[in-house]
Amino acid sequence: MVRIGILNLQGDISEHLEITERALEEMNLKVDVLKVKITEDVSKCDAIIISGGESTVIGKLMEDTGIGKIIVDKKIPVMGTCAGMVLLAKRTDYEQPLLGLVDMEVKRNAFGRQKVSFEDEIEIFGDKFQGVFIRAPHIEKVGENVDILSKYNEKIIAVKSGKYIATAFHPELTGDTLIHRYFIKEALDCAE
Ligand code: GLN
């Protein structure tokens, strides 16, 4: 049985759980979705979603629990949203534990104070999508093996690098399953 785990250390977990289940229903797929908190859970998963939240806290907990090491060693596909995106990066503008799985440099809280949280339409996969930005990071630089999926006001806000997908915004807070469907498809291709 294929399993998708939603990392449950800190952050907005339940929204990801709901939208992943809805995406699977729409795709007519039978895949387990579970919250994961300990290394044993994580190693049973074929893909992991790291939610928004506080990346310094999630990063520290991933380090302390050994979950980060398992994700890296087992090369589990990961989708990281907002704080999750920060954690996928190789470098940020702040000293903190990172998974370093995507060759990119991320600037935290990058959209400025006056725009701490906002919503706007973005474009991704040739479709319109509602971008929900909450103290969102953006990507300053990407390496050669990183594909840019979306930009907003010239800033990179979504990328794919092999089995890793990162978005600066929160796709779980819209009713739209587009990005979750994309990640599930990619993760299932890797699991085959
Ligand atoms: N700014 C937060 C961080 O870097 C991320 C905010 C979010 O996930 N909504 O951890």
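Residues numbered from 1 in each chain as written. Predicted model: local features only at pLDDT ≥ 70, side-chain atom pairs only at ≥ 80, totals over all residues. Heavy atoms only, no water.

> Break down the packing of aromatic side chains for me, with residues and values.
Enumeration according to the criterion identifies nine aromatic pairs in this entry. What links up through ring pairs into an aromatic cluster is the set F111, F118, F129, F133, Y152 and F169. Over the ring of Y94 we find R108; its NZ or CZ atom is 4.9 Å from the centre of that ring. (Phe/Tyr/Trp six-rings, centres within 6.5 Å; stacked < 30°, edge-to-face > 60°. Lys NZ or Arg CZ within 6 Å of the ring centre and 35° of its normal.)

> Explain the site of the ligand to me, and be specific about the residues and the numbers.
All residues adjacent to the ligand are G52, G53, E54, S55, C82, A83, V86, R108, N109, I134, R135 and H170. The separation between an oxygen atom of the ligand and a polar main-chain atom of G53 is 2.9 Å. In isolation the ligand has 300 Å² of accessible area, and contact with the protein removes 97% of it. In terms of residue class, the shell around the ligand is made up of four nonpolar, five polar and three charged. (Near = heavy atom within 4 Å. Polar contact = N/O pair within 3.5 Å; in protein donor to acceptor, adjacent residues only side chain to side chain. Areas by Shrake-Rupley, 256 points an atom, 1.4 Å probe, with all protein chains shown as cover. Nonpolar A, V, L, I, M, F, W, Y, C, P; charged D, E, K, R; others polar.)

> Break down the pattern of salt bridges for me, citing the residues and quoting the values.
Per the stated rule, a full pass over the model turns up 12 salt bridges. K69 is paired through a salt bridge with D73; the nearest N and O atoms lie 2.5 Å apart. One end of the pair, K69, and the other, D73, are both in helix α4 (residues 67-73), four residues apart, so they sit about a helical turn from each other. Residue K141 pairs with E105 through a salt bridge whose shortest N-O separation is 3.7 Å. Of this pair, K141 sits in strand β9 (residues 138-142) while E105 sits in strand β6 (residues 102-107), placing them 36 residues apart in sequence. Note on E105: relative accessible area 21%, which makes it partly exposed. Through salt bridges that share partners, R91, D103, E105 and K141 make up one connected network. (Salt bridge = Lys/Arg side-chain N within 4 Å of Asp/Glu carboxyl O. Helix = DSSP H or I, 4+ residues; strand = E, 2+ residues; numbered from the N terminus. Buried < 20%, exposed > 50% of the residue type's maximum accessible area, 1.4 Å probe, protein only.)

All we've got here are geometric facts, nothing functional implied.
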